[in-house]
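# Descriptive analysis of the structure
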Amino acid sequence: MSDTAEQNTEETARQAEITGLLPVLSQLDKTAAELEQQAAAGKEVTAGQIAAYETEAAHARHLVNAAGVSTREITDAEQEHRSDGDRGFTGRALDHATNTRHFEPSPAADASSDKDRDIEEEEISL
């Protein structure tokens, strides 16, 4: 194989690896936006939602680090593949992956989980 063909193969593989990160980053962006909107509106935020966000952020961070890609490479890939998420999602998602936010479950979420626990305990004692 010639050097040019080998370089093209490597470049194609690299682009495919970067493009493979886009769905993970898109999902993280959506999850973070939902949590931020719920928290800002005073709506219920559950421990499960927070755990999902933190897991997605850690997963995205791991994949980006393992791939050794730059922010520029990822944003360029976003430009080429617009349909994967809202405009600018890679920048926002990378920010969440590197600077994971701290969310607290809302009191309503804690109360409902206590109520569920009480119901389960009653069912078990029957």
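Relevant structure appears above.
Residues numbered from 1 in each chain as written. Predicted model: local features only at pLDDT ≥ 70, side-chain atom pairs only at ≥ 80, totals over all residues. Heavy atoms only, no water.

## Concerning the overall build of the protein
For the protein, the helix and strand inventory stands at five helices and zero strands. Each helix and strand of the protein, placed in order from N terminus to C terminus, yields the pattern α-α-α-α-α. Burial analysis of the protein (126 residues in total) assigns 24% to the buried set. A separation of at least 24 residues holds for 78% of the contacts in the protein among residues at least 6 apart in sequence. (Helix = DSSP H or I, 4+ residues; strand = E, 2+ residues; numbered from the N terminus. Buried < 20%, exposed > 50% of the residue type's maximum accessible area, 1.4 Å probe, protein only. Contact = heavy atoms within 4.5 Å.)

## Looking at the side chain of His96
Positionally, His96 belongs in helix H4 (residues 89-98). A polar side-chain atom of His96 sits 2.8 Å from a polar atom in the side chain of Tyr53. Beyond its immediate sequence surroundings of up to four residues, His96 is in contact with Leu28, Ala32, Glu36, Tyr53, Ala57 and Arg101. (Polar contact = N/O pair within 3.5 Å; in protein donor to acceptor, adjacent residues only side chain to side chain.)

## A word on the packing of aromatic side chains
Enumeration over the complete set of coordinates arrives at one aromatic pair. Ring centres of Tyr53 and Phe103 lie 5.3 Å apart, and the angle between their planes is 85°; on these two criteria the pair is classed as edge-to-face. Within this pair, whereas Tyr53 is found in helix H2 (residues 47-67), its partner Phe103 is found in the loop between H4 and helix H5 (107-125), the two being separated by 50 residues in sequence. Side by side, Tyr53 and Phe103 carry an identical accessibility label, which is buried. (Phe/Tyr/Trp six-rings, centres within 6.5 Å; stacked < 30°, edge-to-face > 60°.)

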